[in-house]
Structure formats: C-alpha cells, structure tokens
Amino acid sequence: MKCFLSILSVISCLSVALGQSNFEAGLLPSININKRISEGWSQNFKVESRQVLIEGLFSEKSEFDYHYVLTDFTAITSKKVGLNNAISAGYTLRLVDGEIVHRLIQQFTLTKRYTSMRLAHRFSTDQTFEPNTSMEFRVRYRLTTEFPLNGQSVDPKEFYVKINHEYLNQFQAKDYDLEVRLVPLLGYSFNDDNKLEGGLDYRLSSFLNDSSSSRFWLSINWFIKID
Amino acid sequence: MKHAVFSICTVLLLTVFSANGQDKYEHESRLKIENVSEKAIRFVEKLSLEGKIKWYLEKGINTSSIEAKSKFERRNISVEFDTLGTVEDIEIEIPWKHVADDVRQRMAKHLEAVFTKYDVRKVQIQFLGDEKTLISISKDKFKVTDTSHNYEIILKGVTDDSVELYEFLFSGDGDFMQKAKIIFRNIDNLQF
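All values derive from a computational prediction rather than experimental measurement.

Enquirer: Explain the overall build of chain B to me, please; I cannot follow it from the model alone.
Expert: Across its full length, chain B holds 5 helices and 9 strands. Walking chain B from its N terminus toward its C terminus, one meets helices and strands in the order α-β-α-β-β-β-β-α-β-α-β-β-β-α.

Printed below as a string of structure tokens:
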C-alpha cells in the first residue's frame, strides 16, 4: 500500500505537466479459476471488482473518496489448437450502477517459452452491450512477459515478475479511442496451480483527444487451477 | 461498501476451493558457488568452458542433482553431478543436421513410425563416463568418437489427436531408449 501511495505522490508531482487530464486510482482485485474439461479443452472463471479510492484532475487537489464501481463475472472456454496456441470464446456479465452489461469475448493466444522467460501474445475482440447505448466493439493486442527471480523457470515457492502491455482499439457508433495499458506485477507461485500477483495496472486513454484520462489500479490477481 | 464486502467475500469463498496441488515438476533453483561442492567446481574448471558458469540445484520427487550450465564454442553445455559432486554426464547442444547421417536416419525412422509429423526443437549429445573419460572427451572438443554417448532430443510430436512436446533418448547408434511427454508449467496467468 505504501508503494501504491508513493506512486500516487509521483502522479501528483506530474500534475502540472499533465494539465487538465483527469485520473482515477483504486483497487482491482480478481480471482481467476481455471478448470481442465477434457483433452485440449479448459474453462476459465474470473471475478473482478473495481473500487475507486481517489479521482479528479491532476492539476487540482483531490480528496480520498472511496466508492465501489463494478463487478465483472467472466466465463471463457478455451481450446488448445497447437503446442502453444489456444482459441477462446467467452462472456462477461458486468454489474454496474444497478444495471447489467453483457460482453462477448473472442481471443487467440500464442505462448513462447524461452530459456529464462515466457512470452505470450493475446489477440482479442469483444462486443459490449449496455442498455440505451450503442454496442462497443474493441480490438485488443496484449504482450505479456514473465520471468523468474530465481533460476530459469517459475518454480513453486518462488517469486516472478510479469509485465503486461496492451493496446485497445475502441469503436462505438462513430467514435474511436485508443487505450494503452502497462501492468508490471510481482507474482508468487505457491505451487503450479496457485499463484498470486500484485502490482500497478496503469491505463491511459483519450489521449488522441485534447484531455487524456489516466487510471491507476492496485491490481491483485489470484490464479487457481483445478484439475 | 455493501458491494465491496460482497466482492471480498466472493474472493475468500472461492479461495477455499483452491487446489491443494502437489508439485508435479522438477524444481530448479540457482545455487551460489559457495554452496557447490569443491569436487564439482574442480571438475568444471578442468573442462575449459568459455562462458560464465551458472549453478543450479534440481530437485525431483525422489532425486536431487547439481547442474553447471555454460557455453562451449557458442553451444550450450550442461554438466550434471550428484549431490556429493560426482559427475554423472555432460550434455552439449548440437544442430540436428550435425548428427551422423546413418544415426539420424535411424532415429527419424522411429519418429516417423510414432508421429504423423514431428519437428525437432533441440538435440543434445549426452556423454557418459567417469571423470577421466569425460575430461578426455572435453580435450577432444566433445567430438563424437567411440566413447559412450546418447542423444537427447526435444521435439514437437503431432499425432491424430494431439500435439505435444516430448523428450526422447536414443543410443549413440540411434536406437530408441526412452520417451517422455514434457508437462508444461501452468500458463493460465499468461492467457487470461
């Protein structure tokens, strides 16, 4: 938490440079359960909650203001289509402001294993259906790298570093926006089926327009695999 | 706040179902040179390796070994010892096409019978013998002669209903000895 507050302090120092840009900072805990269904098939369930701790303009002083934002319930089915590739399709149910938002997800992942690191490319599209709003279509690409802090592979009871870098193209009616995400995480492997990751999830959007929007989340992810 | 409590409770409840899985893979960790036996260090010094030597401790379900990894003529080389520092084997990476034609053809014939398609990813010559023999092989720049050796091959094997990575062990003459499917570590945290 100290680290997170330090990051917020740095952000405050940058306020002059960032001018009228707005920001949000908060918590983004998630739990991710994976279950093998049969040879080559697996099922993923994810619950993720979003809570804001502080928000405002970089150029103005902001007060601590906790409020719950939303919870996502996601189910994704994956099929292994090669040694390192998988295609997936899924659905997200989002509970936000007393409304239900639906999202359909399609993705393709390609994982590469190197001597001391793993690299994953994720290409995905999704369609979001929200009441009284045009359908939002997103095209995403995420590059993930993971490397152990000890030895050549992430073994049980060892720490590792994982970095996500993602580009999201968002299309809605005639509007277009690009969001860029950078997520450096420190992970710990309790065993191969149980991993905990925590770190910063930084999201920058609307920078194609005049005022950018920055979101800083303290991301805490628990990955559980059930055989 | 009510929603936040609900979220936290959901996370806690689901955590109860976390699999209390057992370690299924070899556990490999870096070893500081201070923790490596003198006997193993002295042996590796005699091999005249080029690069920095990295030491690892490998723990299996019932076994433990110490491994030194380095380079020899730009090729990856690893020397395996038991926990007392007695050398067990030396493995050096070579290109698939550098395996003698007749030996390679014999191995390929076996692989063609097992798989509809295969792709060789890594080939290592595994030299066996006592300290004296292995030092003599190193002085001969790890050339394949009539010394005792095997071939360890990592390959992608395709059958009608699966694509997997395998480790094969063939004798120096190209006769099949062992086959094992390589179990990958969980990559769910990279996919989702």
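Enquirer: Please clarify how the overall build of chain A should be interpreted in this entry.
Expert: Within chain A, the secondary structure is distributed over 2 helices and 11 strands. In chain A, the order of α-helices and β-strands from amino to carboxyl end is α-α-β-β-β-β-β-β-β-β-β-β-β. For chain A, whose C-alpha radius of gyration is 18 Å, the value lies close to the compact-globule estimate of 17 Å for 227 residues. Counting only C-alpha atoms and orienting by the principal axes, one finds that chain A spans roughly 55 × 45 × 30 Å.

Enquirer: Mind showing me how you'd approach the sheet that holds strand 3 (residues 64-80) of chain A here?
Expert: Each strand in a sheet pairs with another by means of backbone hydrogen bonds, the pair being arranged parallel or else antiparallel. Residues and elements named next belong to chain A. Around the barrel, which closes on itself, the 11 strands sit in the order 1-2-3-4-5-6-7-8-9-10-11 with mixed pairing between neighbours. With direction set aside, neighbouring strand axes in the sheet form an average angle of 20°. Sheet topology places strand 4 (residues 85-96) next to strand 5 (residues 99-113); 12 bridges connect them, and they run antiparallel. Along strand 5, the bridge assignment pairs Asn85 with Leu110.

Enquirer: Looking at this structure, I do not really get the pairing of strand 7 (residues 136-148) of chain A. What am I missing?
Expert: Remark: a regular strand shows side chains that alternate across the two faces of the sheet. All names here are of chain A. Pairing of strand 6 (residues 118-129) with strand 7, which is carried by 11 bridges, proceeds in the antiparallel orientation. Pairing of Ala120 across the sheet is with Thr144, part of strand 7. Remark: 6 residues form the turn of the hairpin made by strand 6 and strand 7, two consecutive strands paired antiparallel; Asn132 in that turn has positive phi of roughly 60°. Pairing analysis gives 13 bridges linking strand 7 to strand 8 (residues 158-172), with the strands arranged antiparallel. Residue pairing for strand 8: Phe137 is matched across the bridge by Phe171.

Enquirer: Explain helix 2 (residues 38-45) of chain B here, please?
Expert: Residues and elements named next belong to chain B. Turning to helix 2, its buried residues are Ala40, Phe43 and Val44. Along the axis of helix 2, the buried positions cluster into a sector of 95°, meaning they face one direction only. Turned more than 90 degrees from where helix 2 packs its buried face, Glu38, Arg42 and Glu45 sit exposed. Packing partners of the buried residues in helix 2 comprise strand 3 (64-72), strand 4 (75-81), strand 5 (87-94) and helix 4 (131-139).

Enquirer: Would you explain unusual backbone geometry in this entry?
Expert: Excluding glycine, residues mostly carry a negative phi; peptide bonds, for their part, are mostly trans. All names here are of chain B. If you check the backbone angles, Glu73 has positive phi at about 50° while not being a glycine. Within the element layout of this structure, Glu73 appears in the loop between strand 3 and strand 4. Unusually for a residue other than glycine, Phe142 sits at a positive phi of about 55°. Relative to the helices and strands, Phe142 resides in the loop between helix 4 and strand 7 (149-158). Phe142 gets classed as buried once you count the C-beta atoms within 10 Å, which come to 21.

Enquirer: Before we go on, may I ask you to explain the environment of Arg122 of chain A in this structure?
Expert: Residue and element names in this part refer to chain A. Positionally, Arg122 belongs in strand 6. In this structure Arg122 comes out as buried when scored by C-beta crowding, with 21 C-beta atoms within 10 Å. Counting along the chain gives 44 residues from Arg122 to Glu166, while the straight-line C-alpha distance between them is 9.0 Å.

Enquirer: Explanation requested: helix 4 of chain B in the structure shown.
Expert: Every α-helical turn comprises 3.6 residues, leaving residues that sit three or four positions apart pointing alike. Residue and element names in this part refer to chain B. Listing the buried residues of helix 4 in full gives Leu134, Ile137 and Ser138. End-on view of helix 4: buried residues confined to an arc of 100°, all on one side of the axis. In helix 4, the exposed residues that point more than 90 degrees away from the buried face are Lys132 and Lys139. Each element contacted by the buried residues of helix 4 is listed here: strand 5 and strand 6 (117-128). Looking at the residues trailing helix 4, positive phi occurs at Lys141, about 60°.

Enquirer: Teacher, can you tell me more about the nonpolar core here?
Expert: A general trend in soluble globular proteins is that nonpolar side chains are found buried together. Formed by 26 residues in total, the largest nonpolar core has its most connected members in Ala40, Val44, Val79, Ile90, Phe127, Tyr151 and Ile153 of chain B. Elements that contribute at least two residues to this core include exactly helix 2, strand 3, strand 4, strand 5, strand 6, helix 4, strand 7 and strand 8 (163-171) of chain B. Leaving out residues up to four positions away in the same chain, Tyr151 of chain B has contacts with Val99, Met107, Val123, Ile125 and Phe170 of chain B. In terms of nonpolar packing, the next biggest core, distinct from the first, is built from 7 residues, Phe23, Leu28, Phe216 and Leu218 of chain A among them.

Enquirer: For this particular structure, what's the right way to read the confidence of the model for chain A?
Expert: Detailed reading of the predicted model is not advised wherever pLDDT is low. For chain A, mean pLDDT is 90; residues scoring 70 or higher make up 92% of the total. Within the model, pLDDT remains below 50 along residues 13-17 of chain A, and this stretch shows 3 contacts once partners closer than five positions in the same chain are excluded.

Enquirer: So what exactly am I meant to see when it comes to the environment of Glu28 of chain B here?
Expert: You can see Glu28 of chain B is positioned in strand 1 (residues 27-31). Sequence spacing of Glu28 of chain B and Tyr118 of chain B is 90 residues, and the spatial spacing of their C-alpha atoms is 28 Å. Sequence-distant contacts of Glu28 of chain B, that is, excluding residues within four places in its chain, are made with Gly151, Gln152, Ser153 and Asp155 of chain A together with Tyr56 and Glu58 of chain B.

Enquirer: How should I be thinking about the confidence of the model for chain B in this particular structure?
Expert: Residue and element names in this part refer to chain B. Averaged over all residues, the pLDDT of chain B is 83; the fraction at 70 or higher stands at 85%. The element-level mean pLDDT for chain B is lowest in helix 1 (residues 2-16), coming to 42, with helix 3 (residues 101-114) highest at 95. Ignoring residues within four places in sequence, the model shows residues 5-25, a span with pLDDT below 50, making 31 contacts including any to other chains. For this predicted complex, the interface confidence score (ipTM) comes to 0.83, while the overall pTM stands at 0.76.

Reading the values: the criteria
Residues numbered from 1 in each chain as written. Chains lettered and ligands numbered in written order. Predicted model: local features only at pLDDT ≥ 70, side-chain atom pairs only at ≥ 80, totals over all residues. Helix = DSSP H or I, 4+ residues; strand = E, 2+ residues; numbered from the N terminus. Rg over C-alpha atoms; globule rule 2.2 N^0.38 Å. Pairing = 2+ DSSP bridges. Axes fitted to C-alpha atoms, helices over the stretch in contact; angles between N-to-C directions. Buried ≥ 20, exposed ≤ 12 C-beta atoms within 10 Å, placed from the backbone. Arc of directions from axis to C-beta. Contact = placed C-beta atoms within 7 Å. Core = buried A, V, L, I, M, F, W, Y, C linked by C-beta atoms within 7 Å. pLDDT = per-residue confidence, 0-100.

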